[in-house]
Amino acid sequence: RARPSPRPKPRTDLPAEMLVFSVVALAFSTGPTPEPSCKTIAQIASETEDLSTVYAAVGAADPQVAEMLNDPEATLTVFAPLNSAFAALPDGVLATLLMPENQETLTNLLGKHVLSTVVPASAALTLVDEEVMTLADQNIVVNGNGPSGPVTVLPVIVDPDVAAKVVAADIQACNGVIHIVDKVLEYVR
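All of these numbers come straight from a predicted model, not from anything done at the bench.

Engineer: Give me the overall build of the protein chain: which residues, what numbers.
Structural biologist: Across its full length, the protein chain carries 8 helices and 7 strands. Looking at the protein chain residue by residue over its 189 residues, the buried ones come to 35%. Across the protein chain, every contact between residues at least 6 apart in sequence was considered, and the portion connecting residues at least 24 apart equals 61%. Working note: accessible area of the protein chain is about 11700 Å², and carbon and sulfur atoms make up 57% of it.

Engineer: Mind laying out the side chain of T152, listing which residues take part and the relevant values?
Structural biologist: Of note, T152 is situated in strand β5 (residues 152-154). Reaching out from T152, the side chain makes a polar contact with the side chain of N145 at a distance of 3.4 Å. Excluding residues within four positions of it along the chain, T152 makes contact with V141, V142, N143, N145, A163, A164 and K165.

Engineer: With reference to specific residues and values, describe unusual backbone geometry.
Structural biologist: Looking along the chain, the bond that leaves G149 and enters P150 is cis, with omega of 5°. Not every positive phi belongs to a glycine, and D129 is a case in point at roughly 45°. Within the fold, D129 resides in the loop between α8 (121-124) and β3 (130-133). Backbone geometry places N145, a non-glycine residue, at a positive phi of 55°.

Engineer: Talk me through the sheet that holds strand β7 (residues 176-181); I want residue IDs and the actual numbers.
Structural biologist: The strand order β2-β1-β7-β6-β5-β4-β3 describes an open sheet built from 7 strands, whose pairing is mixed. Looking along the sheet, the strands with just one partner apiece sit at the ends: β2 (114-115) and β3. Here strand β6 (residues 164-173) runs beside β7; their pairing, made up of 5 bridges, is antiparallel. Looking at β7, one finds that A168 is bridged to I180.

Engineer: Kindly report on the environment of L51, identifying the contributing residues and their values.
Structural biologist: Here L51 lies in the loop between α2 (41-47) and α3 (52-60). Remark: the alpha-carbon pair of L51 and A80, spanning 29 residues in sequence, is separated by 7.2 Å. Residue contacts for L51: discarding those within four places in its chain leaves A45, A80, P81, L82, N83 and I180.

Engineer: I'd like a description of the side chain of Q138, backed by residues and values.
Structural biologist: The topology assignment puts Q138 in the loop between β3 and β4 (139-143). Residue classification places Q138 among the buried positions, given a relative accessible area of 15%. Those residues in contact with Q138 that sit more than four places away from it in its chain are K112, V132, M133, E186, Y187 and V188.

Engineer: Give me the lowdown on the confidence of the model for the protein chain, citing residues and values where you can.
Structural biologist: Predicted confidence across the protein chain gives a mean pLDDT of 86, with 81% of residues reaching 70 or more. Contacts from residues 16-30, a stretch scored under 50 in pLDDT, to residues over four places away or in other chains number 1 contact.

Engineer: Would you mind going over the nonpolar core in detail, with residue names and values included?
Structural biologist: The biggest cluster of nonpolar side chains holds 28 residues, and the ones touching the most others in it are I41, L69 and L110. Looking at this core, the elements that each hand over two or more residues are α2, α3, α4 (63-70), β1 (76-81), α5 (83-87), α7 (103-111) and β7. Residues in contact with L110, not counting those within four places in the same chain, are V54, A57, V58, A61 and V65.

Thresholds applied
- Residues numbered from 1 in each chain as written.
- Predicted model: local features only at pLDDT ≥ 70, side-chain atom pairs only at ≥ 80, totals over all residues.
- Heavy atoms only, no water.
- Helix = DSSP H or I, 4+ residues; strand = E, 2+ residues; numbered from the N terminus.
- Buried < 20%, exposed > 50% of the residue type's maximum accessible area, 1.4 Å probe, protein only.
- Contact = heavy atoms within 4.5 Å.
- Areas by Shrake-Rupley, 256 points an atom, 1.4 Å probe, with all protein chains shown as cover.
- Polar contact = N/O pair within 3.5 Å; in protein donor to acceptor, adjacent residues only side chain to side chain.
- Pairing = 2+ DSSP bridges.
- pLDDT = per-residue confidence, 0-100.
- Core = buried A, V, L, I, M, F, W, Y, C linked by side-chain atoms within 4.5 Å.

Right, dumping it as structure tokens:
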């Protein structure tokens, strides 16, 4: 009968750094990193062509805005304006807002589009001229217009007598919900 080969003795002459590296390498070699179960509001905006302007605005605003929209633990509702809503602003307004010296104004304007709680369209449809506080510490007025909608929001910058309409509702994120609107909401200084 063949004798089993003796077990190799563990090496004890390796430097501590090499042992730590081996343990770390083993920990990371357990397979591919799983994809997150859902995307944040910021991730969805970054991947949605019709929201590229608002995503660029988030990048030019106070970094806390991006952090908040990327925080998977947050509970937010965002009324995200379409690119066409920003394009409808008076000439030069968007370019001026994106300038570094206007970061505070831009941050407040974006805050006017964010609620600190999740409000699905089904709840918004029940509202009638409801004043709702935004993260800019200013109210917006939400009107559900009955069970068939559309949900509208005031105040807006362009054509102030015509409310912004929610054109796509309940885009789910792990940190809240996005309702896409056809106008930029107004921040009053």
